[in-house]
Amino acid sequence: MKQDQAIQAYNTMVLIRTFEQTILELHKAGRLPGFMHVSIGQEAVPTGVSLALKPDDVITTTHRGHGDVIAKGVEIEGMMAELFAKSGGLCRAKGGSMHVTDFSKGVLGAFSIVGAGMPIALGAAMSAQRLETGSVAVCHFGDGAIAQGAAHESLNMASLWDLPVVFVRHNNLYAESTPTSEYQGFTSIEDYVGSYGIEIETVDGNDVEAVLESATRLVDRARSGGGPGFLECLTYRWYGHNIGDSGAGRPPEEVAAWKARDPIARFREKLVNRYHVDTAEIEGIESAITERVTVAVDAAEVMSEPPTEWALEDVYGDPATLASFAGVLL
């Protein structure tokens, strides 16, 4: 990793965390509606993976996907407006926190159904293979998704057809509040994935350099026709499963131990000591990001509400029937 790439990585991680910490505070203050799941503590995974991708590569993600889409280049201003359910929202106020989509950035969707992004990424990889576009599909998912039927089917089909897809598991040790050991019937993810003939690497998900290194190998291999890859990222979310979960069921010492391995704090030290970035420059990055997020919030709060007629757009069905139904709701 060169200095400019290291600065980019730090910028992305801080932007993800600042965005998510801000929406947490806004929700607690009663200023932000809806429901959300944050990935605070896991910022190194999407950052490292996205640094290995090209603009034409595509991703799918999950209900906890803010970091994944920000790392892929989705603008936070549109995301913030979307979370506020305002007219300038990225998905016209129809997606909210759990369904962020931006085809222009290669984000095929965030899916609230666990494991649902896997067959979507599979289809994108098949398209890339048949059209010979040279692009790669990346599927971000949580550790619990590995127990879904869609995971078995997707891994098997990706292997059978040698598709250019990389599966990235954000293993934060819990499926909602259930520890991995209580829902995962196998003991070795390497053996499990290897049984499909898929290349797998396990990495410290709190080390952005390590994530980038492994992701680059798997992505380049998939792009060159070497077949699918699987990246197991060991990481941890600092908060509970969702906005209403305190996370109290987890051992306090476990949470403290993982917070001590904060991916941003660790990399900040490397910026100074290894990449020789001046502390003043780092503080300038942090300040600029804080200001950008603040401006995004202020703009979203005063933005207009979406017009009611939008309820009849972007949907399939007979216009008269839709209009009648909308009249009842509105």
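Quick note: structure is the one above.
Conventions we followed
- Residue indices begin from 1 for each chain and proceed along its sequence in written order.
- Local features in this predicted model are restricted to residues whose pLDDT is 70 or higher, and side-chain atom pairs enter the listing and the counts only when it is 80 or higher, whereas totals over whole chains, interfaces and linings include all residues.
- To get the side-chain values, take all heavy atoms of the structure and skip hydrogens and water.
- A simple rule labels every residue: compare its accessible area, found with a 1.4 Å probe on the protein chains alone, to the largest value its type can have, and call it buried under 20%, exposed over 50%, or partly exposed in between.
- To qualify as a helix, a DSSP run of H or I must reach at least 4 residues; to qualify as a strand, a run of E must reach at least 2; elements of each kind are numbered from the N terminus.
- Directions are taken from the helix axis to each C-beta atom, and the arc is the one they span.
- Should any heavy atoms of two residues lie within 4.5 Å, those residues are counted as being in contact.
- Under the rule applied, a polar contact is a pair of N or O atoms within 3.5 Å (in protein, one hydrogen donor and one hydrogen acceptor; residues adjacent in sequence only if both atoms are side-chain atoms).
- In this description, strands pair whenever DSSP reports at least two bridges between them.
- Only the stretch in contact is used when fitting a helix axis, every axis being a line fitted to C-alpha atoms; angles between N-to-C directions are given from 0 to 180 degrees.
- In the sections that follow, a salt bridge refers to a side-chain nitrogen of Lys or Arg positioned within 4 Å of a carboxyl oxygen of Asp or Glu.

### Some points on helix α10 (residues 263-273)
Okay, so step 1: Those residues of α10 not exposed but buried are Pro263, Ile264, Phe267 and Leu271. The arc that holds the buried residues of α10, viewed along the axis, is 85°, so those residues lie on one side. Looking at α10, the residues exposed on the side facing more than 90 degrees away from the buried face are Glu269 and Asn273.
Okay, so step 2: Close packing links the buried residues of α10 with α1 (3-28), α2 (44-51), α8 (208-223) and α11 (279-302).
Okay, so step 3: The backbone nitrogen of Ile264 lies 2.9 Å from a side-chain oxygen of the residue at the head of α10, namely Asp262.

### Some details on the sheet that holds strand β7 (residues 199-204)
Okay, so step 1: With parallel pairing, 6 strands are arranged side by side in an open sheet as β2-β1-β3-β4-β8-β7. For this open sheet the edge positions go to β2 (107-111) and β7, each flanked by a neighbour on one side alone. Sheet twist, expressed as the average angle between the axes of neighbouring strands with direction ignored, equals 15°.
Okay, so step 2: As paired strands, strand β3 (residues 137-142) and strand β4 (residues 165-171) are joined by 6 bridges and run parallel to one another. Bridging across to β4, Val138 finds its partner in Val166.
Okay, so step 3: Strands in contact with α8 are β4, β7 and β8 (229-234); relative to β7, the strand with the most contacts, it is inclined by about 165°.

### Remarks on the pattern of salt bridges
Okay, so step 1: Considering all chains together, one arrives at 18 salt bridges under this definition.
Okay, so step 2: The partner of Arg17 in a salt bridge is Asp262, with the nearest N and O atoms 3.0 Å apart. Taken together, the positions of Arg17 in helix α1 and Asp262 in the loop between α9 (252-259) and α10 put the pair 245 residues apart, joining distant regions of the chain.
Okay, so step 3: Arg17 sits in the buried class, given a relative accessible area of 8%.
Okay, so step 4: The class of Asp262 is buried, set by a relative accessible area of 11%.
Okay, so step 5: Asp314 is the salt-bridge partner of Arg92, the closest N and O atoms lying 2.8 Å from each other. Separated by 222 residues along the polypeptide, Arg92 in the loop between α4 (76-83) and β2 and Asp314 in the loop between α11 and α12 (319-329) bring together distant segments of the chain.

### Describing unusual backbone geometry
Okay, so step 1: Residue Ala93 is not a glycine yet carries a positive backbone phi of 70°.
Okay, so step 2: Its location among the elements puts Ala93 in the loop between α4 and β2.
Okay, so step 3: A residue is classified by how much of its surface remains accessible, and Ala93, at 23% relative accessible area, is partly exposed.
Okay, so step 4: Phi is positive for Leu173, close to 80°, though the residue is something other than glycine.
Okay, so step 5: Here Leu173 lies in the loop between β4 and β5 (174-175).

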